[in-house]
Amino acid sequence: MSLRINDEAPDFTAETTQGTIHFHECIGEGWAILFSHPKDFTPVCTTELGYMAGLEPQFAARNCKILGLSVDPVSSHGKWAADIEETQGHAVNYPMIGDPELKIAKLYGMLPSDAGETSEGRTPINNATVRTVFMMARTRRSS
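The rules behind the values
Residues numbered from 1 in each chain as written. Predicted model: local features only at pLDDT ≥ 70, side-chain atom pairs only at ≥ 80, totals over all residues. Heavy atoms only, no water. Helix = DSSP H or I, 4+ residues; strand = E, 2+ residues; numbered from the N terminus. Buried < 20%, exposed > 50% of the residue type's maximum accessible area, 1.4 Å probe, protein only. Contact = heavy atoms within 4.5 Å. Areas by Shrake-Rupley, 256 points an atom, 1.4 Å probe, with all protein chains shown as cover. Phe/Tyr/Trp six-rings, centres within 6.5 Å; stacked < 30°, edge-to-face > 60°. 1 Å grid on protein atoms, 1.4 Å probe; cavity = no way out; pocket = protein on both sides within 12 Å on 5 of 7 lines; lining within 4 Å. Points joined across faces, edges and corners; volume = space filled by probe spheres on them. Nonpolar A, V, L, I, M, F, W, Y, C, P; charged D, E, K, R; others polar. Core = buried A, V, L, I, M, F, W, Y, C linked by side-chain atoms within 4.5 Å.

**Some remarks on the overall build of the protein**
Consideration 1: Looking only at helices and strands, one finds four helices and six strands in the protein.
Consideration 2: Seen in sequence order, the protein has helices and strands lined up from the N terminus as β-β-α-β-α-β-α-β-α-β.
Consideration 3: When each of the 143 residues of the protein is scored for burial, the buried share is 44%.
Consideration 4: Partitioning the contacts of the protein with sequence separation of at least 6, the portion at a separation of at least 24 is 72%.
Consideration 5: Of the roughly 7900 Å² of accessible surface on the protein, a fraction of 52% belongs to carbon and sulfur atoms.

And the structure:
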């Protein structure tokens with residue numbers, strides 16, 4: 001699947017560091033940035049999540065939610081969030097989505113359909129295409 005401008009972003013339900021979310025409900029009537037990363041604890045991803053954590057209040061003031069995604073499980077994200085705060089100086093207060101079954105990465109065209117069914121044993125190189133940013137607005141479609 002390839003998303004294009006004005007396409008409706010696929011909806012999904014996922015476990016995050018802030019509990020279960022339903023993506024379209026989470027966005028509400030505002031904006032969202034969904035940015036994804038190939039693996040937890042990689043240096044560039046760690047700095048990016050920390051930088052976005054520092055900018056989160058500015059996005060919130062503009063009715064824009066930040067959501068991070070990694071193919072690793074949420075249990076790893078909690079440890080990663082502590083590392084991000086320690087090394088980058090900003091607490092990650094936005095949801096970090098776990099995608100260990102690669103469902104969201106495939107749904108959004110970040111990985112090919114034959115990429116397997118689990119993040120277990122995958123490396124940042126296997127997941128390089130998971131490094132993606134989506135900027136979305138939730139709008140009501142007329143029926």
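**Here we look at the packing of aromatic side chains**
Consideration 1: Taken as a whole and judged by the stated rule, the model has five aromatic pairs.
Consideration 2: Plain terms: the ring middles of Phe-35 and Tyr-94 are 6.0 Å apart, the flat faces sit at 55° to each other, and that makes the pair tilted. Remark: Tyr-94 occurs in the loop between helix H3 (74-88) and strand E5 (96-98) and Phe-35 occurs in strand E3 (residues 31-37); sequence separation between them is 59 residues. Each of the two residues, Phe-35 as well as Tyr-94, counts as buried.
Consideration 3: The structure contains a cluster of three or more aromatic residues connected by ring pairs, namely Phe-12, Phe-23, Tyr-108 and Phe-134.

**As for the layout of surface pockets**
One way to see where empty space is left: roll a probe the size of a water molecule over the atoms.
Consideration 1: Volume-wise, the second largest pocket comes out at about 160 Å³.
Consideration 2: As for the second largest pocket, its lining consists of Thr-13, Ala-14, Glu-15, Pro-73, Val-74, Gly-98, Asp-99, Pro-100, Glu-101, Lys-103 and Ile-104.
Consideration 3: Among the secondary structure elements, those contributing two or more residues to the lining of the second largest pocket are strand E1 (13-16) and helix H4 (103-107).
Consideration 4: A total of three residues in the lining of the second largest pocket trace back to one element, the largest contributor, which is E1.
Consideration 5: Of the residues contributing to the lining of the second largest pocket, the split by class is five nonpolar, two polar and four charged.

**Observations regarding the nonpolar core**
Consideration 1: Counting residues in hydrophobic clusters, the biggest one holds 23 residues, and the most contacted among them are Phe-12, Phe-23, Leu-34, Leu-67, Ile-97 and Tyr-108.
Consideration 2: Put simply, the parts of the chain that give this core at least two residues each are helix H1 (23-27), E3, strand E4 (64-70), H4 and strand E6 (133-137).
Consideration 3: Sorting elements by how many residues they give to this core places H1 first, with three residues.
Consideration 4: Core analysis: the second largest hydrophobic core is formed by 16 residues, Leu-55, Cys-64, Val-92 and Met-96 among them.

**What about unusual backbone geometry?**
Consideration 1: You will see that Asn-6, though not glycine, has its phi angle at about 75°, which is positive.
Consideration 2: With respect to the helices and strands, Asn-6 occurs in the segment before E1.
Consideration 3: With a relative accessible area of 71%, Asn-6 lands in the exposed category.

**Things to note about the environment of His-90**
Consideration 1: Tracing the backbone shows His-90 in the loop between H3 and E5.
Consideration 2: Look at His-90 and you get partly exposed, because its relative accessible area is 35%.
Consideration 3: Measuring from C-alpha to C-alpha, the distance between His-90 and Leu-55 comes to 9.3 Å, with 35 residues separating the pair along the chain.
Consideration 4: Filtering out sequence-adjacent residues up to four positions away, His-90 remains in contact with Gly-50, Ala-53, Gly-54, Ile-84 and Glu-85.

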